[in-house]
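Residue-level listing of the chains:
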Amino acid sequence: VPGVELTVSCRQLLDRDTFSKSDPLCVLYTQRPGSHQWREFGRTEVIDNSLNPDFLRKFVLDYCFEERQNLRFDLYDVDSKSPDLSKHDFLGQAFCTLGEIVGSAGSRLEKPLTGIPGKKCGTIILLAEELGNCRDVATLQFCANKLDKKDFFGKSDPFMVFYRSNEDGTFTICHKTEVVRNTLNPVWAAFSIPVRALCNGDHDRAIKVEVYDWDRDGSHDFIGEFTTSYRELARGQSHFNVYEVVNPRKKMKKKKYLNSGTVTLLSFAVEAEHTFLDYIRGGTQLNFTVAIDFTASNGNPSQPTSLHYLSPFQLNAYSLALRAVGDIIQDYDSDKMFPALGFGAKVPPDGHVSHEFPLNGDASNPACHGIAGVLEAYQRSLRRVQLYGPTNFAPVVNHVARSAAMVLDGSQYFVLLIITDGVISDMAQTKEAIVNAAKLPMSIIIVGVGQAEFDAMVELDGDDIRISSRGKVAERDIVQFVPFRDYMSGGPGAGLSMAGLAREVLAEIPDQLLSYMKARGIKPHPVPPMPPE
């Protein structure tokens, strides 16, 4: 789980001290998943006499895209050494989710502090940064010249073995090159290795390299060795990176011995392995579209047995699934406008069957404001349309694919949530649509409601067998299917099971987004610079 470091600053705090300015302290509270109880997570240091503190002590949290992580920041003016917060003056508080901070421009969120009636409490500024645990990957290429000839008949068959040194002076193997046959002047292929594996984060630590002549029976002959360090290698191709390969035994025996050949670094490059958070911080927006199954197999909406029944007392499965997933994803969508479509109903005015009708009735702009807006449009549609059939997924998949095809540059990524009772009529067309969509910046989440057998949905999920159409295999796995009934527990635990549903459904999105960016060679944008205060 990636660690995220939160930096806290405040501006224009209330002044509670008579003779000097407040001495602020910030306390962070978090909630366990599914619990509403706040627990203290940690405190910053106290900063004396400041209404605009930039706290030095940071909070390090585990970040889960697929969970809603609620945070509460309380500010106090510290008046004594007592750890008991009730002995100090309360200066206000702010609530948000970790996703809200991460999803803001540059992962920087500014919020007003509230909690003291009738007073302006100033603002809090929260900055999230992913912890560096060195994600750099180095790519190196070497060649050698005039290595010792070890084979009786031919020349040598050289290969190299790399070792990193440990704290206690021992060595751990970290890379082996391929064997180049029958040459004393091999050029090895370039190879990539995490910098961590090469030097464990210490750029000056010794890296030992041994050169061998390969023998079929495994008794490889030692040609010689040399040592270097990550810092030296990072200078790239230069006279510093030409190494004498020395065999210590020969050196002791022969006065005139110079070396057993040389190894030269031909090229060196280092690149960060990008993460989901790098793209989000760099401004990639998630666009969320909802498609709801309005086919007759759901049952008559006026009957309590229907999956679409609108009870005055509780949300139906469609509404619950929509809210569970939407509540999390909306933190990553800055305009909070979500296109919402229905399929499989006869729609007014003329009662034709449609497989992509706007729930809000506006074909030119099917976007609804917020998850609440989508729920409202869904309930309004249920009263306007007649449930019918067949169940065709391909039109809504292609609808989102058309939008995704217009922004291939990585600035936007599209997530389509299909909620369905699972009886699909256009399997071949849907597979074709998914195989085409797999080239685009999009993912599809299918939540199956009701008691049907969901074999077709499991097939679309493609976790076990990658989906294909007319001999073309999808280049990425972009579908995640989850049966709603696995999370249906009524009663007090219902909130927890909805969090479980969201977790299951969203868990694959970060890797799916990365697989698109990687396949297209798209790098995250650098984080926009801070505006001067």
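Refer to the preceding data block for the structure.
Residues numbered from 1 in each chain as written. Predicted model: local features only at pLDDT ≥ 70, side-chain atom pairs only at ≥ 80, totals over all residues. Heavy atoms only, no water.

(A) Region of the structure containing the state of the cysteines. For the structure on display, the rule yields zero disulfides. Cysteine 10 supplies the cysteine sulfur nearest to cysteine 121, a cysteine that is in no disulfide, at a spacing of 11 Å. Cysteine 143 carries a free sulfur, and the closest cysteine sulfur to it, the one in cysteine 174, is 20 Å from it. According to the relative accessible area criterion, cysteine 143 is buried, its value standing at 11%. (Disulfide = S-S within 2.5 Å. Buried < 20%, exposed > 50% of the residue type's maximum accessible area, 1.4 Å probe, protein only.)

(B) A look at the packing of aromatic side chains. Per the stated rule, a full pass over the model turns up 19 aromatic pairs. For the ring pair phenylalanine 343 and phenylalanine 393, a centre distance of 5.6 Å and an interplane angle of 70° mean the geometry is edge-to-face. Note that phenylalanine 343 is positioned in strand E18 (residues 337-343) and phenylalanine 393 in the loop between strand E23 (386-387) and helix H8 (394-404), a separation of 50 residues in sequence. The residues phenylalanine 343 and phenylalanine 393 share a single accessibility class, namely buried. Of the aromatic side chains, those joined through ring pairs into one cluster are Phe294, Tyr318, Phe357 and Tyr378. Lysine 346 extends its terminal NZ or CZ atom over the ring of tyrosine 388, reaching a point 4.2 Å from the ring centre. (Phe/Tyr/Trp six-rings, centres within 6.5 Å; stacked < 30°, edge-to-face > 60°. Helix = DSSP H or I, 4+ residues; strand = E, 2+ residues; numbered from the N terminus. Lys NZ or Arg CZ within 6 Å of the ring centre and 35° of its normal.)

(C) Inspection of the sheet that holds strand E7 (residues 108-112) at higher detail. Strands sit in the order E4-E1-E8-E7 across an open sheet of four strands; the sheet is antiparallel. The open sheet terminates on both sides in strands that have one partner only, identified here as strand E4 (59-62) and E7. When strand polarity is set aside, the average angle formed by the axes of neighbouring strands in this sheet is 30°. Looking at chain direction, E7 and strand E8 (residues 123-130) are connected through five bridges and run antiparallel. Following the sheet pairing, lysine 111 is matched in E8 by isoleucine 124. (Pairing = 2+ DSSP bridges. Axes fitted to C-alpha atoms, helices over the stretch in contact; angles between N-to-C directions.)

(D) Looking closely at the pattern of salt bridges. This structure, assessed with the given rule, holds 19 salt bridges. When the shortest N-O distance is used, the salt bridge between arginine 11 and aspartate 54 registers 2.8 Å. Of this pair, arginine 11 sits in strand E1 (residues 3-11) while aspartate 54 sits in the loop between strand E3 (38-43) and E4, and the two are 43 residues apart along the sequence. For lysine 250, the salt bridge identified is with aspartate 148, shortest N-O distance 2.7 Å. Placement of lysine 250 in helix H4 (residues 248-253) and of aspartate 148 in the loop between strand E9 (136-145) and strand E10 (158-165) is noted, with a sequence separation of 102 residues between them. The class of lysine 250 is partly exposed, set by a relative accessible area of 24%. On the accessibility criterion, aspartate 148 (15% relative accessible area) is buried. (Salt bridge = Lys/Arg side-chain N within 4 Å of Asp/Glu carboxyl O.)

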